[in-house]
Amino acid sequence: MSHSRDLSRGAAAVGSATTDTVHGHQGLLLEEPLLFEIDNPGAIGVDLPDPGDFTPRLGGVARQGEIGLPSVSEPEVVRHFTRLSQKNYAIDMGTYPLGSCTMKHNPRLNEKMVRLPGFANAHPMQPDSTVQGAFELIDGVAHWLKELTGMPAIAMSPAAGAHGELCGVMAIRAALDDREGGPTTRRRILVPDSAHGTNPATAAVCGFSVDAIPSDARGRVDVKAFADKLDDDVAGIMITNPNTCGLFEPDMIEIAELIHDAGGYFYCDGANFNAIVGRVRPGDLGIDCMHINLHKTFSTPHGGGGPGAGPVVLSDALAPFAPVPWVVHGEDGFSLVEHADDAGDAKPFGRLKGFHGQMGMFVRAYAYMLSHGRDGLRQVANDAVLNANYVVSCLSDVMTPAFDGPCMHECLFDDRFLKDTGVSTLDFAKAMLDEGYHPMTMYFPLVVHGAMLIEPTETESKRGLDEFIAVMRALVDRARAGDSDAFVAAPTMTPRRRLDETAAARQPILRWSPEVPTAEAAE
Amino acid sequence: MRYLPLTDADRSSMLNRIGVSSVDDLFVDVPAAARFDGTFDLPDHMAEFAVEGHMSKMAGRNTTTADVPSFLGAGAYRHHIPASVDHLTQRGEFLTSYTPYQPEISQGTLQALFEFQSMVALITGMDVANASMYDGATSCAEAVLMARRVTRRNRALVSGSVHPHYSAASETQAKYVDIKIDICDPDLDGTEDLTDQIDDETACVVVQNPGVFGHVRDLSPLAAVCQEKGALLIVVVTEAVSLGAMQSPGEMGADVVVAEGQSIGNPQGFGGPYVGLFAAREKYVRQMPGRLCGETTDVDGKRGWVLTLSTREQHIRREKATSNICTNAGLCALAFTIHLSLLGENGFRDLAMLNHARASQLADRLADVDGVEVLPEAFFNEFAVRLSKPAGEVVDRLAARDVLAGVPASRLYGAGTELDNILLIAASELTTFEDMDALVAALSEELS
Amino acid sequence: MADRKYTEDHEWVEVDGETGVIGISDYAQEQLGDVVFVELPDVGKVLDQRDEAAVIESVKAAAEVYTPVSGEVIEVNEELNNDPSLVNSDAHGEGWFAKLQLTDPTELDALMDEATYKTFVESLS
């Protein structure tokens, strides 16, 4: 691909965005073109030494011709990404009540710890003797997680929640295969209809079919409907607890007994562990495995979509099938089991990723655990649940809670309160943007019409909650006052207003191209 | 507790508002048998300085690649990260935001992802790239699954040039969905010819370039065979910097490129988090896993970005999704983008050539050491050597002399194979001539 | 005049001799919203009645389209690859999905005719 240095397209694009000011800036709200559009051949953001004499040994495949990357100096790069950052909402800026995502404060101590040279510069394949501190940390995080969940074993390598699900369901599959002495004849995984989409997707990529269990009128798993589905074709059940309606599943122990009696295993989705940490050990409920999103309960930053980490705690029944690698503690200190041949009696189902897991997330989570201690973590659960219930108590007279009774760490509303206002859940959420808030989770879980799932987290102050509640009440008043046009037009004060997602999906433009701005041009 | 804003006075006034007397009343749905009132075998909370002191000591028990000469690679590489990369990724607006599901207030993350996708497509020579995967190995596994969706065939052929973690991750991911994975023997001498093994049932051929033993090859002939047989050619790159010095996989005829992006902008960090790159030809875009960011306009006609083609993903498609993936490697992808922005066209190519130069200079020096045989003739910044003694033992002894000599093949393939004497040695822009002298001296003594 | 029949899942089939053209109803496209992509079956594919014949995607949803009748796919509407909005603008015409060589025309007898379908749709709202 030839690399055109033509700036006209970028200038035109930015130019079309200008309305009142020369370059489209609105005071502190600064427009910023693509880096490719500020390309200045000859500029550079690094200084590298001359390599000196050497024999080129690239065979016949040395790169010919230009790549097409932009050339920009360091000051311009810093300004570019600083301006981009200012178009983002973030926990550091305000309340981020995104249900099921646990957007809590990210302590900067955690960031400082992960940058300690002893962690940041450790290579994953160093000799064991040189990385005893790293193993000690992994072992420490593993101990905390096993202790807090009351589970005997853990697999540390999964890279995120969904990856943890994969780990857990593969362990179930491996255990069934082992028990049956060949590929299991059990084909179905039971998943409540309120489950996050990763649950059925995970079951599918492990070769199982998905059988949905309905929720009952209380927003919980319908135990009778579940029991009726049990037979010798069922491999297991995946239940999120607390569930995606923000409610504790009170029948977990009974469900565990039923699934075990039927010869299946119990996967618990630990995405909402934040609500019960320090108060309930999932192991006491009879589960076989549970992933823990370190980027939720243990506050490793979400970073605009990742990275995460999803260690999986395992029961004695599933522990032998955990994937490699794992840390062991022997007489000579810590070492690593990386190959099935070195695994003794264990029967690892395989390997899930490169190296040993999301070490950087372990370091952050460990700093968070030590900072809170066992006492502070119990307080985390208490305050998270208190904050959510406070929100319900202050909004239930104007909005419509989906279910009665106390909630756990998040509260679910449906859209009955918007009936006949001409305002949808989406419109309501977009109006929140103009008020300076990130909206709650919308249209999820699917079991409630027009769902609004609010999770304040424990790191929101009472003052912050009161301000949020005042905004929500004011918006409800405005919707009821018949001001639906304002909602449909919202947001108006954000860096961009509503974007045309239909056009984006019909004619995808997924990269910058020098000549023709459509994806087809890349052919 | 410094991270918890509620005071006891706040708590009691809130409980009062809710109409309960204690927070325990809010946990009424938890059955008595499920409540934990025992004592955890864990410490109570600690002051910030106490945590810092404790963890600093722990980190101090590692001897790392910054402390002593290091030649470690095998999928994770030591490169310099410009100070501004870390400064920018630490901005709270990037660090503490979620997946950009509300595009009106997430344009920063989205535009950066669009730039990331653009840059990944350019350096790999592909049409499109997604907004990142967990790491290179999981990216490879996802590519194998995608090849089955595209070709509706069930066999994957994995070259002996592929990093064992990548083939193992692919094998694991495929084992329960009826994909037959054939993994070839380690391609130590770089002469593997897969032509006869590609049949009409082959969904994809997975090959790594540079290979795990360092060989760089022209993949064009293999690409031609794949095309003839209707199999996808998936090219793995474990050292992203190599793309600045070598013809891109796209130029050689790859259909999919999966790579580990750690080398650009991200520390070694004992193995993660890293950033998986996933790039492909345009025609496969709707079969790709992971998030995609696309350009569009807002109601005022201003250009902006959104997550798009979401119907491939689990939150909509559930059990019919292309992948169960949800989280990506957002912040690591941002670090990659910022670092590559600083490098730019010339910096990226110069950095790659500097890496190659250091490796070539190191190979020259090692060629003179008795008991060391450099294996690849053509390589980028890493090459396998055959030692006169088992590499694992030599590496341990050199570590005691404060030299991290490289990755013994036995770490990747297990001990007790014909690869026991093979050592992988990497260099980078950070490798000094003093480092090289230290390695040469230590190896000479240990092998004599 | 060709005969058009409907299913309760809002697919239609228009029969002309031994071939039938299938699509989704105007009511269905309205429920889906802006269609952004249609995944069409391969020509030559043999479908049983109720098999998945296509997947239709809007921005935030994906829906399977089941064939109202059994048959072999002999032609697909390639125009939808360029312009999926045809499903919205002309669901009963330009927005057709595929043409099938029917294998069991008796299946048509159990489907709704235009008037019955109209009543059925009215009963939904």
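Our subject is the structure listed above.
Residues numbered from 1 in each chain as written. Chains lettered and ligands numbered in written order. Predicted model: local features only at pLDDT ≥ 70, side-chain atom pairs only at ≥ 80, totals over all residues. Heavy atoms only, no water.

(A) Representation of the interface of chain B and chain A within the structure. On the side of chain A, 212 residues touch chain B, which itself brings 198 residues to the contact. Among the residues chain B hides against chain A, the three largest losses belong to B:Y176, B:F270 and B:R411. Together they make up 6% of the total. Here chain B and chain A share 15 salt bridges between them. A salt bridge links A:R378 to B:D37; the shortest N-O distance between them is 3.8 Å. Of all the elements, helix α11 (residues 330-367) of chain B adds the most residues to the side of chain B that touches chain A, at 27 residues. Looking at the side of chain B that touches chain A residue by residue, the class counts come to 94 nonpolar, 60 polar and 44 charged. (Contact = heavy atoms within 4.5 Å. Buried area = accessible area lost by both parts, 1.4 Å probe. Salt bridge = Lys/Arg side-chain N within 4 Å of Asp/Glu carboxyl O. Helix = DSSP H or I, 4+ residues; strand = E, 2+ residues; numbered from the N terminus. Nonpolar A, V, L, I, M, F, W, Y, C, P; charged D, E, K, R; others polar.)

(B) View of the interface of chain B and chain C. Contacts between the two partners involve six residues from chain B and, on the opposite side, 13 residues from chain C. With both chains or domains summed, chain B and chain C bury close to 770 Å², and 42% of this area falls on carbon and sulfur atoms. Of all residues in chain B, B:R286, B:T311 and B:R317 give up the largest surface area on contact with chain C, accounting jointly for 57% of the area buried on that side. At the junction of chain B and chain C, the tally comes to two salt bridges. Measuring nitrogen to oxygen at the nearest pair gives 2.7 Å for the salt bridge that ties B:R152 to C:D42. Considered class by class, the residues forming the side of chain B that touches chain C number one nonpolar, one polar and four charged.

(C) Spotlight on the layout of surface pockets. If you add up the space inside the largest pocket, you get close to 1,800 Å³. Those elements giving two or more residues to the lining of the largest pocket turn out to be α7 (198-205) of chain A, α6 (136-151) of chain B together with β4 (35-39), β6 (52-58) and α2 (79-82) of chain C. The biggest single contributor to the lining of the largest pocket is β6(C), with five residues. Of the residues assigned to the lining of the largest pocket, the class counts are 21 nonpolar, six polar and 20 charged. (1 Å grid on protein atoms, 1.4 Å probe; cavity = no way out; pocket = protein on both sides within 12 Å on 5 of 7 lines; lining within 4 Å. Points joined across faces, edges and corners; volume = space filled by probe spheres on them.)

(D) Expanded view of the pairing of strand β2 (residues 11-16) of chain C. All names here are of chain C. Two elements, strand β1 (residues 3-6) and β2, share four bridges in a ladder whose sense is antiparallel. Its bridge partner lying in β2, D3 is registered against V15. Taken together, β1 and the strand that follows it, β2, pair antiparallel across an intervening segment of four residues, in which H10 is found at a positive phi of about 75°. As paired elements, β2 and strand β3 (residues 19-24) share six bridges and run antiparallel to each other. Paired with E11 across the two strands is I24, which belongs to β3. What sits between β2 and β3 in their antiparallel hairpin is a turn of two residues, with G17 showing a positive phi close to 65°. (Pairing = 2+ DSSP bridges.)

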